[in-house]
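# Secondary and tertiary structure notes
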Amino acid sequence: MGGWLNLTAQFLNLWAIRIAVLSSFAAHLVLVLLAGVRRRKASGGRTLLLCLAYQLANWAAVYSLGNLSFGSTSQEQQLVAFWAPFLLQHLGGPDSISAYSLEDNVLCGRQAINVAMQVGGATYVLYKHIYIGGGAGALLPASIIIFAVGVAKYVEKALALRGGNLGNIRSSSKKKQPSRLALIKTRRDELDDERALEVAHNMFPFCRRAMVDSSVDMDSSDLDTSRKVFSFWWESMCKVVEMELSLMYDILHTKAAMVHTWGGYLMRFVSPLATAVAFFLFLFYSKDGQRRADVIITYALLVAAFLLDITWLFRALGSTWTRAFLQARPRSWIYRAVLRSGRWRRLRQVVVSMDLGRVLLPTAHRPTPRSYRTWSGAVGQYNLLHEVTRDTTSLRGRAAKKIELEESRGVELSEDVKRLLFERVRVILKSAYHDSKGRDAYSMNDNTTYWGQDAASRRHKKLKRFRLGFGREFQEDILVWHIGTQVFLSVIDDTSNAAKTTRATAIKVLSEYLMFLVAVRCRAPQPVRSDPRCLAEPQSEMPELLELVFNVWVDKLLYAGTRCSRESHAKQLSRGGELTTIVWILAEHAGPFQIGLRGPDHEKLADNKKLEEPKKRDDGGGVSVGPPRRPPPPRAPSPAFGQPEDAKPKDSRDTMTVYATLYAVD
């Protein structure tokens, strides 16, 4: 027993530092390969591996530097000490990831302290083992070169974290930035992926200001510029907005803000040259007395560092951030020599074709340039009726109930559903700033105040006799409308073909998506009772009724998107994106506003002031579209969602249950 423990102790004393360095190197490579997986997907084995690699890279480097600082001085340790500058490069991380979460950006001050401590530790290691230890040959200048590159990369990461802090972005967004937008003004013109990304770069200042709750001068031309996104068809409009959010991801979670500066480009040109010089210096360094394994590890670190430096150089030059950087300097000679000559576009084609993510993955799963920058279209789904009726007697069901595990599934929106949804959003937001007046015109106040009451007030005349109720609180309203919608869809599914239409599918997806946000993300209250006997199906008015229900759910989606905090939207960028975030950015394009000043629809609200009173209470069916208030208890059974006035429920207790649910009456 004692002999086994001694052998284990000897092995750890000899190989612990080497295992830690190799672990740091392996974690660095994992970050290089998997840094972008969170743009489109927030879960899975690759995301878990990315998280582990991010943590391991920091731990292994810190442990190795600490071990070397207190180790004994010997000729054998000189080569091991040469690895300290590479550990600084690993701590600096790849260009494709700086922060794993927004909290890393918030703690940028702590990261600055870590930089000072680790740089000091690496300096002490080189001084102790190489300078004093007698390594004044070729190893000393090679160490200094790699050390300088490692310090530059580590400091750059700290500055990227500081630049990704929302508070610092808010301060920088207050500076006036000239507009460089040259949009296609015709609505019928579609944008290809490259053109859409170029438009997204030019519109990105609006997305950045919205993300940090900064303001736009209402009298400037920038507001009209931001609204030009609605001049495209829905597909191009969504493509531009999704790419804007992807660019915001670059600012928050990568080094893009530091890479695409004069200093960033200079470092990427110098770094591979410096690494190559260090490699040749090491070739002439005498390896006598060194372990063969240590020499192999050193060559691996040098070659990998050189190849990665070349990769970051070409990726930086071929990035569309470089095009935006050059377009902001149209009078410089480099703009004429690189951009106008067409050389940059040829370089970008080569860089995209040699991307590691495209080369290593199978052909069927290789990402396209568009899929890299756009939203995946996946939305969470939560069916409350399914949850309360699912089997809890199985082992899996009992375990889920025991630990209060929320089961949810996601679906990917079809093109038809996306078209229907975003065309409706486009119509609503466009009417908020156009000169359209009357009952059919929305305002930004409507979008941010009501959650379906406006759509109900604008319903078809044939549906005026139907009574619709809205909850006093938004979560309460989603809960009741979700139950009513699910039962309504199940009823028409059994009796007609209306449930097979795209509009019915969109209603189901929106209902379960908003319920997912309430039940899973916000932890809503427990389910309430709902009786499907309260619902009836008017066959002759089914198209209008489906349109009404769809419009109500779109209004709820707009309300949810505009009412979420900026921080919650920013967090979703590293979780694959969110539908509410896309809708919110579209709303910001339609009408950003300044706190305390008149909004973009101020004149419209004044012109429509006389129309607001009739909207507060609909004469036909008693639809409450203003701020919901508690009405007196019903004296007799009243019709429910989707039921005509002349239809009488079989049990008056159903009406009282709905009343108590909607208005929280005990």
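Residues numbered from 1 in each chain as written. Predicted model: local features only at pLDDT ≥ 70, side-chain atom pairs only at ≥ 80, totals over all residues. Heavy atoms only, no water.

## Regarding the overall build of the protein chain
Rule in force here: What counts as a helix is a DSSP run of H or I of at least four residues, what counts as a strand is a run of E of at least two, and both are numbered from the N terminus. Relative accessible area decides the class of each residue, using a 1.4 Å probe on protein chains only: under 20% of the type maximum gives buried, over 50% gives exposed, and in between gives partly exposed. The contact criterion used is simple: two residues touch if any of their non-hydrogen atoms lie within 4.5 Å. For the accessible areas, the method is Shrake-Rupley and the probe is 1.4 Å, while residue cover comes only from the protein chains on display.
Each helix and strand counted, the protein chain has 32 helices and two strands in total. Counting only residues that meet the buried cut, the protein chain has 52% of its 666 residues in that class. For the protein chain, long-range pairs separated by at least 24 residues make up 81% of all intrachain contacts whose partners lie at least 6 apart in sequence. Surface summary for the protein chain: the accessible area is close to 31800 Å², and the carbon and sulfur share equals 58%.

## Topic: the environment of His-201
Note on placement: His-201 falls in helix α9 (residues 193–211). Distance from His-201 to Trp-321, taken between C-alpha atoms, is 7.8 Å for residues 120 residues apart in sequence.

## Let's talk about the pattern of salt bridges
Side-chain pairing between opposite charges can occur once the charged atoms of the two side chains come close. Applied cut-off: Within this document, salt bridges are pairs made up of a side-chain nitrogen of Lys or Arg and a carboxyl oxygen of Asp or Glu, the two lying within 4 Å of each other.
If you walk through the whole model with that rule in mind, you get 15 salt bridges. As a salt-bridge pair, Asp-193 and Lys-239 come within 3.3 Å of each other at their nearest N and O atoms. Placement of the pair is Asp-193 in helix α9 and Lys-239 in helix α11 (residues 234–253), with a sequence separation of 46 residues. Judged by its relative accessible area of 27%, Asp-193 falls in the partly exposed class. When salt bridges that share partners are traced, they join Asp-95, Glu-156, Lys-255 and Arg-268 into one network.

## A look at empty space enclosed by the protein
Going by this rule: In this analysis the probe radius is 1.4 Å and the grid spacing 1 Å, with only protein atoms considered; a cavity is a set of points the probe fits into but cannot get out of, a pocket is an open set with protein on both sides within 12 Å along at least five of seven lines, and lining residues have an atom within 4 Å of a point. Grid points are joined across faces, edges and corners, and a volume is the space filled by probe spheres set on the points. Residue polarity is assigned by list, with Asp, Glu, Lys and Arg as charged and Ala, Val, Leu, Ile, Met, Phe, Trp, Tyr, Cys and Pro as nonpolar; anything else, Gly included, falls into the polar class.
In this structure the tally under the stated criterion is seven cavities of 30 Å³ or more. If you add up the space inside the largest cavity, you get close to 210 Å³. By residue number, the principal contributor to the lining of the largest cavity is helix α14 (residues 292–317), which donates six residues. A breakdown of the residues in the lining of the largest cavity according to their chemical character gives nine nonpolar, five polar and six charged. Quantified by volume, the second largest cavity comes out at close to 170 Å³. What lines the second largest cavity is a set of 15 residues, among which Arg-39, Glu-242, Leu-245, Ser-246 and Gly-577 lie closest to the centre.

## A few points about the packing of helix α15 (residues 320–327) against helix α17 (residues 343–353)
If you want to describe how two helices pack, look at the angle between their axes and the distance between the axes. Put simply, the test is: Angles shown run from 0 to 180 degrees and are taken between the N-to-C directions of axes, each axis being a line fitted to C-alpha atoms and, for helices, limited to the stretch in contact. Each angle receives one of four descriptions, namely roughly parallel if under 35 degrees, roughly antiparallel if over 145, roughly perpendicular if within 65 to 115, and oblique otherwise. Whether a crossing is left-handed or right-handed is set by the direction in which the near helix is turned from the far one by less than a right angle, anticlockwise for left-handed and clockwise for right-handed.
One way to put it is that α15 packs onto α17 with a least axis distance of 11 Å and a crossing angle of 165°. Here α15 is positioned roughly antiparallel relative to α17, judged by the angle of their axes. α17 is crossed by α15, and the crossing has right-handed handedness. Here α15 contributes Thr-320, Thr-322 and Arg-323 to the contact with α17, which in turn contributes Trp-344, Arg-345 and Arg-348. Taken together, the residues of the contact of α15 with α17 sort by class into one nonpolar, two polar and three charged.

## Here we look at the nonpolar core
Our working definition: Side-chain atoms within 4.5 Å link the members of a nonpolar core, which is a set of buried Ala, Val, Leu, Ile, Met, Phe, Trp, Tyr and Cys residues.
Counting residues in hydrophobic clusters, the biggest one holds 97 residues, and the most contacted among them are Phe-422, Leu-579 and Leu-586. The contact partners of Leu-586, leaving out residues within four places of it in the chain, are Phe-230, Met-237, Val-241, Phe-422, Val-425 and Leu-429. The next biggest cluster of nonpolar side chains, apart from the first, holds 37 residues, and it includes Leu-126, Tyr-285, Ile-297 and Ala-304.

## Comments concerning α17
We apply this condition: The arc refers to the directions leading from the helix axis to the C-beta atoms.
Of the residues making up α17, those classed as buried are Trp-344, Arg-348 and Val-351. Here the buried residues of α17 occupy an arc of 65° about the axis, which is enough to place them on one side. Along α17, the residues that are exposed and aim more than 90 degrees away from the buried face are Arg-343 and Gln-349. Where α17 is buried, its residues contact α9, α14, α15 and α16 (333–339).

Interpretation in functional terms is not warranted from these geometric data alone.
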